[in-house]
Amino acid sequence: MDIKTLVLALALGNFSLCAALFFYQQQAGRSAPSASLRSWRIARQLQAVAWGLLYLRGALPDFLTIPFAYAVLFSGFAFDASAWWELAGRRVWRRYLLPALGVSIGLFTGAWLLDIPAGDRIGIAALVAGFFALASAGALGRGWRRGTLLRRYLVLSTLSLTLVVLLRGVLAVLLPDGAEWLSPALVQAAGIVALYLLTFGNVFGYLLLSREQQESELARLEVADPLTDVPNRRGFYQALAPWIALARRPGQPTALILLKFDDFKRINEHYGHPVGDLVLKALVEVCQKQLRDSDLMGRMGGAEFAIQLPRTGQEDACMVAERIRLAIAALPVKAGKAVINMTASLGVTTIRPDDAAVSLFKRADEALQQAKREGRNRVVAADSTPEV
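It should be emphasised that the depicted structure is a prediction, and the values quoted were computed from it without experimental measurement. The numbers attached to residues start from 1 for each chain and follow its sequence in the written order. Only residues with pLDDT of at least 70 are given local features in this predicted model, and only at 80 or more are side-chain atom pairs given and counted; all residues enter the totals for whole chains, interfaces and linings. Heavy atoms throughout the structure, all of them, feed into the side-chain values; hydrogens and water do not.

Colleague: If you had to explain the overall build of the protein to someone new, which residues and values would you point to?
Modeller: Helix and strand counts for the protein stand at twelve helices and seven strands. Two things to know: the radius of gyration comes from C-alpha atoms, and the globule rule equals 2.2 Å times the number of residues to the power 0.38. At 30 Å, the protein has a C-alpha radius of gyration far larger than the 21 Å of a compact globule built from 388 residues. Based on the C-alpha atoms only, the size of the protein along its principal axes is roughly 90 × 50 × 35 Å. Think of it in three bands: with a 1.4 Å probe and only protein chains considered, a residue is buried below 20% of the maximum accessible area for its type, exposed above 50%, and partly exposed in between. For the protein, the proportion of its 388 residues judged to be buried stands at 44%. Contacts between residues were defined by any pair of non-hydrogen atoms, one from each residue, lying within 4.5 Å. When contacts within the protein are restricted to residue pairs at least 6 apart in sequence, those whose partners lie at least 24 apart make up 71%. Under the DSSP-based scheme used, a helix requires at least four consecutive residues in state H or I and a strand at least two consecutive residues in state E, with every element numbered from the N terminus.

Colleague: Account for the packing of helix α10 (residues 273–289) against helix α11 (residues 314–329), naming residues and giving values.
Modeller: For the pair α10 and α11, the least separation of the axes is 9 Å and the interaxial angle reads 140°. Viewed along their axes, α10 and α11 adopt a mutual orientation that is oblique. Of the two possible hands of crossing, α10 and α11 adopt the one that is right-handed. Each of Leu283, Val286 and Cys287 in α10 lies in contact with α11, whose residues at this interface are Ile324, Ala327 and Ile328. When residues are sorted by character, Ala, Val, Leu, Ile, Met, Phe, Trp, Tyr, Cys and Pro go into the nonpolar class, Asp, Glu, Lys and Arg into the charged class, and all the rest, Gly among them, into the polar class. Looking at side-chain class alone, the contact of α10 with α11 contains six nonpolar, no polar and no charged residues. Every angle, taken between N-to-C directions, lies between 0 and 180 degrees, and every axis is a line fitted to C-alpha atoms, over only the stretch in contact when it is a helix. Here is the rule for angles: anything less than 35 degrees is roughly parallel, anything more than 145 is roughly antiparallel, 65 through 115 is roughly perpendicular, and the remaining ranges are oblique. A crossing counts as left-handed when the near helix is turned anticlockwise from the far one by less than a right angle, and as right-handed when that turn is clockwise.

Colleague: Tell me about the packing of aromatic side chains, and name the residues and values.
Modeller: Whether two aromatic rings pair depends on their centres lying within 6.5 Å, for rings of Phe, Tyr and Trp, where Trp uses its six-membered ring; planes under 30 degrees apart make the pair stacked, over 60 edge-to-face, and the rest tilted. Applying the stated criterion across every chain, the model contains twelve aromatic pairs. The interplanar angle of 65° and the centroid separation of 5.7 Å between the aromatic rings of Phe261 and Phe305 together place this pair among those described as edge-to-face. Of this pair, Phe261 sits in strand β1 (residues 255–261) while Phe305 sits in strand β3 (residues 304–309), and the two are 44 residues apart along the sequence. Residue classification places Phe305 among the buried residues on the basis of a relative accessible area of 0%. Put simply, the rings of Trp40, Trp84 and Tyr206 pair up and form one aromatic cluster. Think of it as a cone above the ring: NZ of Lys or CZ of Arg counts as a charge over the ring if it is within 6 Å of the ring centre and within 35 degrees of the ring normal. One Lys or Arg, Lys4, reaches over the ring of Tyr55 and ends 5.1 Å from the middle of that ring. We note Arg152 situated over the ring of Trp144; from NZ or CZ to the ring centre the distance is 5.1 Å.

Colleague: Break down the UniProt feature "transmembrane region" (unreviewed entry) in the protein for me, with residues and values.
Modeller: UniProt positions are given in the numbering used here, feature names are shortened, and annotations may be inferred rather than shown by experiment. Those residues carrying the UniProt feature "transmembrane region" (unreviewed entry) are residues 63–84, 96–116, 122–141, 153–175 and 187–209 in this numbering. A distance of 31 Å separates the end C-alpha atoms of residues 63–84, which is 100% helix and 0% strand. Here residues 96–116 runs as 86% helix and 0% strand, with 28 Å between its end C-alpha atoms.

Colleague: Quick rundown of the pairing of strand β5 (residues 338–341)? Include the residues and the values.
Modeller: Here is the key point about a regular strand: its side chains alternate between the two faces of the sheet. Here β5 shows one buried face, formed by Ala338 and Ile340, and one open face, formed by Val339 and Asn341. Alignment of strand β4 (residues 332–335) against β5, held across four bridges, turns out to be antiparallel. The residue bridging Ala335 from the neighbouring strand is Ala338, located in β5. Being paired, for any two strands, means DSSP has found at least two bridges between them.

Colleague: Please provide a residue-by-residue account of a nonpolar patch on the surface, values included.
Modeller: Taken together, the side chains of Leu56, Leu60, Phe63, Leu64 and Phe68 present a nonpolar region at the surface, about 400 Å² in accessible area. If you trace the backbone, Leu56 turns up in the loop between α2 (35–55) and α3 (62–87). By relative accessible area, Leu56 is classed as partly exposed at 36%. Each patch is assembled from residues with relative accessible area greater than 30% and no salt bridge, linking like charges that lie within 9 Å and nonpolar side chains (Val, Leu, Ile, Met, Phe, Trp, Tyr) that lie within 5 Å. The method behind every accessible area is Shrake-Rupley, applied with a 1.4 Å probe, and residues are considered shielded solely by the protein chains displayed. The salt bridge definition used is simple: a Lys or Arg side-chain nitrogen within 4 Å of an Asp or Glu carboxyl oxygen.

Colleague: Any chance you could break down the pairing of strand β6 (residues 344–350) for me, citing the residues and the numbers?
Modeller: In terms of burial, β6 is largely enclosed, as seven of its seven residues are buried. Of the two faces of β6, the one carrying Ala344, Leu346, Val348 and Thr350 and the one carrying Ser345, Gly347 and Thr349 are both buried. Bridge analysis of β1 against β6 gives seven bridges, and the strand direction is antiparallel. Looking at the pairing, Leu258 lines up with Gly347 of β6.

Colleague: With reference to specific residues and values, describe the sheet that holds strand β2 (residues 296–301).
Modeller: Two strands in a sheet stick together by hydrogen bonds in their backbones, pointing the same way (parallel) or opposite ways (antiparallel). A sheet is described by the order of its strands in space; here five strands give the open sequence β2-β3-β1-β6-β7, paired in mixed fashion. For this open sheet the edge positions go to β2 and β7 (379–381), each flanked by a neighbour on one side alone. Between one strand axis and the next, the sheet turns by 20° as a mean value, whatever way the strands run. Here α11 sits on the sheet in contact with β1, β3, β6 and β7, set at roughly 165° to β6.

Here's what the structure looks like:
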């Protein structure tokens, strides 16, 4: 396969992806694409046009197939890097990539206007492509230690191919006539093949990594409450299970607090559910500020929450519960024009060696119901002595 055929393959491949993305987006009910997907789609469109113009070199005016084509190609590389950074949760387009793109286009266009040899212009183009590929690798490399095998593979493959592209640029400038065993044609072929692999590695890598992130987010949502971003009932039970098992061994106990915001139904009835949601999120934040990093708060449903306190005895757990109760009572929540004061009732217990999740929560709930019967806005501790 000669170089012109590879250029045509790059053009057709990107055009094909543009068509697929168009029909994907036109599907009924499809939501608006994310910022990352928009940037990635623009990158595909720009690169399709650029490679197409480069393929038609000789059939169209030089201005279109050299400086303009490379300006569009550089823009495609920049949008590729932007898509990766946006996928990583950071937007660096205007601050870093846009100025770099402007400098790149200016250098290449200036070299063409000054009639600098083609080998030097190729070197500039390769260095620009390598720079933006390194920017993409930088986005991929964020969180390397906790990254998946797919992410690590993409980082290493991107860096390896980028090294070849950069080497082509350096050799095109320093050794335009090649060396004894390194001909200009070989350098050019190696660079274009590396760029070809880099482009389609980027394409499939982006699609696979996006899919992986979506699956990870769906898995997280299965065990997380979407409103308060704390574990839901299922997620809390999963986190609690190991501590119930550890309670059968000698050692420091683990405490459980069952908390319910008093008369929360009144908030939804008088102010509406949107205000109720705002109040609930604010109250959860207040509770979390009273907890350690090792403690865990989960939503059991409605306005009822559970708090797990590892390696905490009942006396200390009651102190934590009282601190939470006072913090809630002292916080007026502003919701629009309304200022809402809330209180909470709390039941406290510790895990016994013979406990299962059902018996543990039953005991904590009995303490909570007693707190409500005694007037609410109070802490009640359950008897955690093992039954004989």
